[in-house]
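Take a look at the letters that make up each chain.
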Amino acid sequence: MKQYLLSIYQPEGTPPPEVLDRVMKEIDALQQEMRAAGAWVFSGPLHPPSTATVLRANDQDDVLVIDGPFVEAKEFLGGFEIIQAADLDEALDWGRRLATIVKGLAVEVRPFQ
């Protein structure tokens, strides 16, 4: 089975607690279904981009360390699911279910090489 990354992109800021609580409960239930189907591999929410540290090496192998996100953007990777699926259609089915939970946010489905 091939593995796929389901990326959830969200705008800067935190949703109200009543929205976040509902979303997290529904994601937990979806993950339980993924586990039961043998599709779930790994997942996790991420802290805001302001907590990121970027490392970049130059030709002399000196590594520059920069606080903050790699790019300034209006949306950022807020969380992800790694699943295994027989094919892209099955991965898209899981992605659709995730998208209905995080209404209005983009869910990108991308296969691992």
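For the structure itself, consult the block above.
This write-up is about the structure you can find in this document. (Residues numbered from 1 in each chain as written. Predicted model: local features only at pLDDT ≥ 70, side-chain atom pairs only at ≥ 80, totals over all residues. Heavy atoms only, no water.)

Considerations on the overall build of the chain
Just so we agree on the cut-off: Secondary structure counts use DSSP, requiring at least four H or I residues in a row for a helix and at least two E residues in a row for a strand, with both numbered from the N terminus. For every residue, the accessible area obtained with a 1.4 Å probe (protein chains only) is divided by the maximum for its type, and the residue is called buried under 20%, exposed over 50%, and partly exposed between those limits. Residues are treated as being in contact if the distance between any of their heavy atoms lies within 4.5 Å. Reported accessibility uses the Shrake-Rupley method at a 1.4 Å probe radius. Residues are deemed covered only where the shown protein chains occlude them.
Helix and strand content of the chain: two helices and six strands. For the chain, the sequential pattern of α-helices and β-strands runs β-α-β-β-β-β-α-β. Dimensions of the chain, computed from C-alpha atoms along their principal axes, come out at roughly 50 × 35 × 20 Å. Split into buried and exposed, the 113 residues of the chain put 27% on the buried side. Of the contacts formed within the chain by residues at least 6 apart in sequence, a portion of 75% connects residues at least 24 apart. Carbon together with sulfur atoms contributes 56% to the accessible area of the chain, which is approximately 7,700 Å² in total.

Quick word on the packing of helix α1 (residues 17-36) against helix α2 (residues 88-101)
For the record, the criterion: Angles here are taken between N-to-C directions and fall from 0 to 180 degrees, while the axes themselves are lines fitted to C-alpha atoms, restricted in helices to the stretch in contact. Throughout this description, any angle smaller than 35 degrees is read as roughly parallel, any larger than 145 degrees as roughly antiparallel, any in the 65 to 115 degree range as roughly perpendicular, and the remainder as oblique. Each crossing gets its handedness from the near helix: less than a right angle anticlockwise from the far helix is left-handed, clockwise is right-handed. Note on residue classes: Ala, Val, Leu, Ile, Met, Phe, Trp, Tyr, Cys and Pro are nonpolar, Asp, Glu, Lys and Arg are charged, and everything else, Gly too, is polar.
Here α1 crosses α2 at 160°, and the two axes come no closer than 9 Å. One way to sum up the angle between α1 and α2 is to call them roughly antiparallel. Taken as a pair, α1 and α2 cross one another with a handedness that is right-handed. Of the residues in α2, those touching α1 at Arg22, Val23, Glu26, Ile27, Leu30, Glu33 and Met34 are Trp94, Arg97, Leu98 and Ile101. Looking at the contact of α1 with α2 residue by residue, the class counts come to seven nonpolar, no polar and four charged.

No statement about biological role is implied by the geometric values presented.
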